[in-house]
Amino acid sequence: MIRFDNVTKVYKNGTVAVRSVSLDIQKGEFVFLVGPSGSGKTTCIRMLLREELPDRGRIWVAGREIIHMPKWRVPYLRRNVGCVFQDFRLLPNKTVFQNVAFALEVIGRPKSVVETQVPQVLELVGLSKKRDNLPHELSGGEQQRVAVARAFVNRPLILLADEPTGNLDPGTSQGIMRLLDRINRTGTTVVVATHDAALVDWMRRRVVELDQGTIVRDQARGVYGIDATTGSVPRTEVGARRS
Amino acid sequence: MPLSADYIARETATNLWRNRLMTIAAVLTVAVSLALVGAALLLKQGASNAENYWQRGTQVTVWMKASANGSESHAVGSELKQLPYVHACSYHSQLADYHEAKTLLSPGEFQALTVQTTPASYRCTPNQPQYAQAVYNRFNGQPGVLKVSAPFSQIHTMEETITVLQWVFLSVALVLLLSAGVLILNTIRMAIFARRREVSVMKLVGATNWFIRLPFMSEGLVQGLIGSVVAAAVVFGLHALLNSFANPNNPGTVLYQMRLSGWELFGTDFVVVLIGALIGSVGSAIAIRRFLDV
Ligand SMILES: Nc1ncnc2c1ncn2[C@@H]1O[C@H](COP(=O)(O)OP(=O)(O)OP(=O)(O)O)[C@@H](O)[C@H]1O
Ligand SMILES: [Mg+2]
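A short tour of the structure in this document, coming up. Since this is a predicted model, take the numbers as computed values, not measurements. (Residues numbered from 1 in each chain as written. Chains lettered and ligands numbered in written order. Predicted model: local features only at pLDDT ≥ 70, side-chain atom pairs only at ≥ 80, totals over all residues. Heavy atoms only, no water.)

On to the overall build of chain B, then. Helix and strand counts for chain B stand at eleven helices and four strands. A principal-axis box enclosing the C-alpha atoms of chain B has dimensions of 100 × 35 × 30 Å. When contacts within chain B are restricted to residue pairs at least 6 apart in sequence, long-range pairs at least 24 apart make up 84% of them. A total accessible area of about 15,500 Å² is found for chain B, and carbon and sulfur atoms account for 66% of it. The average position of the 20 basic charges and that of the 15 acidic charges among the side chains of chain B differ by 11 Å. (Helix = DSSP H or I, 4+ residues; strand = E, 2+ residues; numbered from the N terminus. Contact = heavy atoms within 4.5 Å. Areas by Shrake-Rupley, 256 points an atom, 1.4 Å probe, with all protein chains shown as cover. Lys, Arg positive; Asp, Glu negative; His and termini not counted. Charge placed at Lys NZ, Arg CZ, Asp CG, Glu CD.)

Right, here's the structure in full:
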């Protein structure tokens, strides 16, 4: 579903953000992208959306090579890749319903589709009752749910989340994770870049760790970090009880 | 791609209303600048009309020698009639010129004149003042012709003045158009900048560039149209006002000579509205280009 083949990204100022990264993510997988600040997580996600182009290597998304993809196809790529950010990126003067509906309207979906899909996805994220509220009337967690709903309403094959819980308290964060998990179980491939060790440990999913732009770890049922003193992986129960 | 007119119309209407202050600013900018452009265009055409009017008034006179015989006089007359650049000629007999001289000359000078010594003349109006010179070259020195006279230096000055005036008005119109373009572009750019968030979300969820661009363009089009219709009305009013001062009983006034036909006024208004529509829609397309790249 997602494939990086020896990808290197150097920003104009000379920063090497991603260095020879090769990575395979299968359909339906749930993957955490972890690593210290500046390790290249956001850069990877931006390349998947083709907001940035790598300097070397190739990237496939949903069976398509996206580096040499003509510009006019990029919007169609993005329809297959939903995306959620730390800062929600909702439109402040549109209601919850309108924010989600907007994502369908601007890709030309007819009214009938909008009227059936939006209530469904609002039900899924648990915001049916707040459909007529404006974003500033919602809590951070609720706003992020709206953002997830907007990213998912078009049923993309892939859902990317860059620090989706960066602004939320632990309890609320878990709620968002449960939601992403639920979306993952519909068959959607989910990639989450995060700093949140507790969440990663709690979810026990595949973990890809980046450091200074290279993959230093790729673990099938991983935790956030390897214990620096013992070199051993923390025991499962430690993470699982944190909530 | 299903780009529905319904979606564009709805987006346009809600956005115009939601950003109504910006809308008003843009409409006023278009209205003021295009009214000025229209006024400059009116003046330019007015100057050209006045020129035509004055040109029609210039005369070249072929004076016949008092001794010229009938066939010489007839030859000059028929040749003048055939010249393509001479609009019309009238023949003034010796007697007619004698009576005219009586009114023009001082009694002392007039005393020396008799009907027999007064030259007969052809008074001609060339199509363009500069053809007076051609008439001069053709007939000066021809048998029976005394001399050819025309207000040559006056014609020259007048032509230069009007040419300069026309250029001044045209360049004023162009400069105004340019600054109107920049002002409008800036207004649209500010409006789009205020909504860059919306544009970035549209791109994020996979809206095509045309889908993003079209509502902005139709918004710009509406603003440009409203503004330019106001400008066209101002131009119309200005024209009516000037016309009300142009007294038909006194055709010597500049205002009367400059007056425009209905078609010229209609044409000017049409140009103004066309420019407004173009500036609005194309301006939006240009202004949004920067936000579409990535
Ligand atoms: N637009 C840019 N221009 C130049 N350098 C950049 C740009 N964006 C990121 N970088 C650099 O690239 C490196 C990787 O950045 P990136 O944002 O991918 O890291 P990250 O893993 O997402 O970090 P964080 O966890 O803090 O979000 C950093 O050193 C950063 O300074
Ligand atoms: Mg980041």
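Structure's up, so let's keep going.
As a further point, take the site of ligand 1. All names here are of chain A. Inspection of the region around ligand 1 gives 13 residues, with Ser-37, Gly-38, Lys-41, Thr-42 and Thr-43 positioned closest. Taking Ser-37, its side chain carries an N or O atom lying 2.5 Å from an oxygen atom of ligand 1. At 2.8 Å from an oxygen atom of ligand 1 is found a main-chain nitrogen or oxygen belonging to Gly-38. Protein burial of ligand 1: of its 630 Å² of free accessible surface, 64% is covered by the chains. It is helix 1 (residues 41-48) that provides the largest number of residues to the shell around ligand 1, a total of three residues. (Near = heavy atom within 4 Å. Polar contact = N/O pair within 3.5 Å; in protein donor to acceptor, adjacent residues only side chain to side chain.)

Here we take up the state of the cysteines. Inspection of every chain in the model, using the stated rule, returns one disulfide over all chains. Here B:Cys89 is linked by a disulfide to B:Cys124, with a sulfur-sulfur distance of 2.0 Å. An S-S torsion of about 110° defines the bridge between B:Cys89 and B:Cys124 as right-handed. Of this pair, B:Cys89 sits in strand 2 (residues 86-92) while B:Cys124 is found in strand 3 (residues 121-126), placing the two residues 35 residues apart along the sequence. When its relative accessible area of 33% is taken as the criterion, B:Cys89 is described as partly exposed. For B:Cys124, a relative accessible area of 0% corresponds to the buried category. The closest cysteine sulfur to the non-disulfide-bonded A:Cys44 is located on A:Cys83, 13 Å from its own sulfur. Judged by relative accessible area, A:Cys44 falls into the buried class, the value being 6%. (Disulfide = S-S within 2.5 Å. Buried < 20%, exposed > 50% of the residue type's maximum accessible area, 1.4 Å probe, protein only.)

This part covers the pairing of strand 9 (residues 206-211) of chain A. Residues and elements named next belong to chain A. Of all six residues in strand 9, five are buried, a share of seventy percent or more. Sheet topology note: the strand 3 (residues 30-34)/strand 9 ladder contains four bridges and is parallel. Along strand 9, the bridge assignment pairs Phe-32 with Val-207. Between strand 9 and strand 10 (residues 214-219), which pair antiparallel in sequence order, lie two residues; one of them, Gln-212, sits at a positive phi of approximately 50°. (Pairing = 2+ DSSP bridges.)

All names here are of chain A. The end-to-end C-alpha distance of helix 6 (residues 170-185), which contains 16 residues, comes to 22 Å, matching closely the 22 Å that a straight helix rising 1.5 Å per residue would cover. Residues of helix 6 that are buried in the fold lie against strand 3, helix 4 (111-125), helix 5 (140-152), strand 7 (158-162), strand 8 (189-193) and helix 7 (197-203). One side-chain oxygen of the residue at the start of helix 6 lies 3.0 Å from the amide nitrogen of Gly-171, identifying that residue as Asp-169. Among the residues trailing helix 6, Gly-187 stands out with phi positive, at a value near 105°. (Expected span 1.5 Å × (residues − 1).)

Within the structure shown, the criterion is met by six aromatic pairs over all chains. The ring of A:Trp60 carries A:Arg3 above its face, with NZ or CZ at 4.6 Å from the centroid. (Phe/Tyr/Trp six-rings, centres within 6.5 Å; stacked < 30°, edge-to-face > 60°. Lys NZ or Arg CZ within 6 Å of the ring centre and 35° of its normal.)

Turning next to the interface of chain B and chain A. Contact with chain B, which involves 18 residues of that partner, is made by 22 residues of chain A. Between chain B and chain A we count zero salt bridges in total. Remark: the boundary between chain B and chain A carries two residue pairs in polar contact (both at pLDDT 80 or more). Of all the secondary-structure elements, those providing two or more residues to the side of chain B that touches chain A are helix 1 (5-18) and helix 8 (196-204) of chain B. Of all the elements, helix 8 of chain B adds the most residues to the side of chain B that touches chain A, at six residues. (Salt bridge = Lys/Arg side-chain N within 4 Å of Asp/Glu carboxyl O.)

This is a description of form; function is not addressed.
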